[in-house]
Amino acid sequence: MSRDIQLKERWENVVAILSNQFSQGEDLDLDAIIYLIGVQEFGRFQQLFKKDEKLNLMHIAICRLLEPYGYYQFDFVDKEGWPHYIIKEELPPLKAGEQSVLMKEAIVNYFIEKELIK
């Protein structure tokens, strides 16, 4: 199976699983899944978040997702429990489609690591 087809199938599987668990009938989009990963990494599932905190959660998720690619490195958790990352390498300029593929691949790998999918 080609890498692109496998990624597409795995991505669709992740979307289906998360949408069934966290949505009322609509498929979650990329941003919603990134947000959920941020909440997962932060570890406070019952908390309501303000707009700026939601952006911080998405940033945490992106750092965590791109850490295995060498772009970020976990640094520490602050006294409020927020994870912090340092930039190891700047992301190369990517077109929107390339950025989307990278994030989908990183999300699929994250959920393989978390044993949500195979």
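Since the structure is predicted, the reported quantities are computational estimates derived from the model, not experimental observations.

What counts, and at which threshold
- Residues numbered from 1 in each chain as written.
- Predicted model: local features only at pLDDT ≥ 70, side-chain atom pairs only at ≥ 80, totals over all residues.
- Heavy atoms only, no water.
- Salt bridge = Lys/Arg side-chain N within 4 Å of Asp/Glu carboxyl O.
- Helix = DSSP H or I, 4+ residues; strand = E, 2+ residues; numbered from the N terminus.
- Buried < 20%, exposed > 50% of the residue type's maximum accessible area, 1.4 Å probe, protein only.

(A) Main features of the pattern of salt bridges. In total, this model carries 5 salt bridges according to the counting rule given. Across the pair Glu 41 and Lys 114 runs a salt bridge, and its minimum N-O distance is 4.0 Å. In this pair, Glu 41 is assigned in helix α2 (residues 30-42) and Lys 114 in the segment after α4 (96-113), connecting sequence segments 73 residues apart. Its relative accessible area of 22% is what places Glu 41 among the partly exposed residues. The class of Lys 114 is partly exposed, set by a relative accessible area of 40%. Across the pair Glu 113 and Arg 64 runs a salt bridge whose closest N-O atoms are separated by 2.5 Å. Separated by 49 residues along the polypeptide, Glu 113 in helix α4 and Arg 64 in helix α3 (residues 51-66) bring together distant segments of the chain. On the basis of relative accessible area, Arg 64 is assigned to the buried category, the value being 10%. Each of Glu 41, Arg 64, Glu 113 and Lys 114 takes part in a single network of salt bridges with overlapping partners.

On their own, these measurements won't tell you what the molecule is for.
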